[in-house]
Each structure stands twice: as structure tokens, then as C-alpha cells.
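In case you want the letters, here they are:
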Amino acid sequence: MDARLAATDVATQNFKNFGICAEVILGESADVLSGLDRVDCAFVGGTKNITAVLDMLVKKGARSIVVNAVRIETVVRVIEHMKKLGIYDETVHIIASKSEELTGETMFKPENPVYIMSAKRKEKQ
């Protein structure tokens, strides 16, 4: 889901191109989630109201949640809240660089790092 039509259009086309069966929903996450009975998995690409979104995903039974962020404060907030909810799994820090010409040779220019936090619903023992 995304509140931006252009983003949902791109996601829909990407899923189609790769033969992935998934529902893409246009709307604000809190509004959309409140109208759903159940959520299986969620990828959260934005962090607006992230703690409320995580609470709602857990309430809706999500078995797997992935959140990406670029701001360290958001990363800390997400990890702490996932731990509070008992769903935190791991964080991956991704750093990428792109090649760029420099005086006829190639250098690598770093992109902004991205943090990917994952959560899993713990099975009842």
C-alpha cells in the first residue's frame, strides 16, 4: 500500500513483470489497515506513524514485517518498538556505491546507507 498513485502503479507493474501475485493498495497505511481483517506479511517503506503501524500489523496477525529506513533515529525507534512487541528479528545495514567517471577512470560514489529491520511473529510454544 502507498498513499501515492505513482508508487502503487510502479509496484503493480513490477509485480506483473516478475509474476508475483500480490495486492497493491492505494491509501494511508493506518486507514487501510484498520479496514482489513488480517495481514499476512508487510513491507513498510515509509515511517510515518511507524509505531502505530507496527501495533496494527501485529494486531492483524502479520507473520512477517520488514521496515526500511535511512534515518538512524527511525532505526532506533523501530528496533525498540519491535522488541517491545516481541517480534524483532534482525537489522541489515546496506551500503551501495555507483560507478562514476573521474578523469577518464572509474571511481565509486557512495549512496545513502539503508537499514532494513525485520520482524517475525513468534510461534506459541
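Chemist: Explain the pattern of salt bridges to me, using residue names and the numbers behind them.
Modeler: For the structure on display, the rule yields three salt bridges. Note that Asp 40 and Arg 63 form a salt bridge whose closest N and O atoms lie 2.8 Å from each other. Taken as a pair, Asp 40 in the loop between helix H2 (29-34) and strand S1 (41-44) and Arg 63 in the loop between helix H3 (50-59) and strand S2 (64-69) lie far apart in primary sequence, 23 residues in all. On the basis of relative accessible area, Arg 63 is assigned to the partly exposed category, the value being 43%. Across the salt bridge formed by Asp 89 and Lys 120, the nearest N and O atoms sit 3.8 Å from each other. With a gap of 31 residues between them, Asp 89 in strand S3 (residues 88-94) and Lys 120 in strand S6 (residues 114-120) connect regions that are remote in the sequence.

Chemist: Which residues make up the sheet that holds S3, and what values go with them?
Modeler: Read from one edge of the open sheet, four strands run S1-S2-S6-S3, paired in mixed fashion. For this open sheet the edge positions go to S1 and S3, each flanked by a neighbour on one side alone. In this sheet, neighbouring strand axes are inclined to one another by 10 degrees on average, regardless of whether the strands run parallel or antiparallel. Strands S1 and S2 of the sheet are contacted by H3, whose axis makes an angle of about 165 degrees with S2. Sheet strands in contact with helix H4 (residues 72-85) are S2, S3 and S6, and its direction is about 10 degrees off that of S6.

Thresholds applied
- Residues numbered from 1 in each chain as written.
- Predicted model: local features only at pLDDT ≥ 70, side-chain atom pairs only at ≥ 80, totals over all residues.
- Heavy atoms only, no water.
- Salt bridge = Lys/Arg side-chain N within 4 Å of Asp/Glu carboxyl O.
- Helix = DSSP H or I, 4+ residues; strand = E, 2+ residues; numbered from the N terminus.
- Buried < 20%, exposed > 50% of the residue type's maximum accessible area, 1.4 Å probe, protein only.
- Pairing = 2+ DSSP bridges.
- Axes fitted to C-alpha atoms, helices over the stretch in contact; angles between N-to-C directions.
- Contact = heavy atoms within 4.5 Å.

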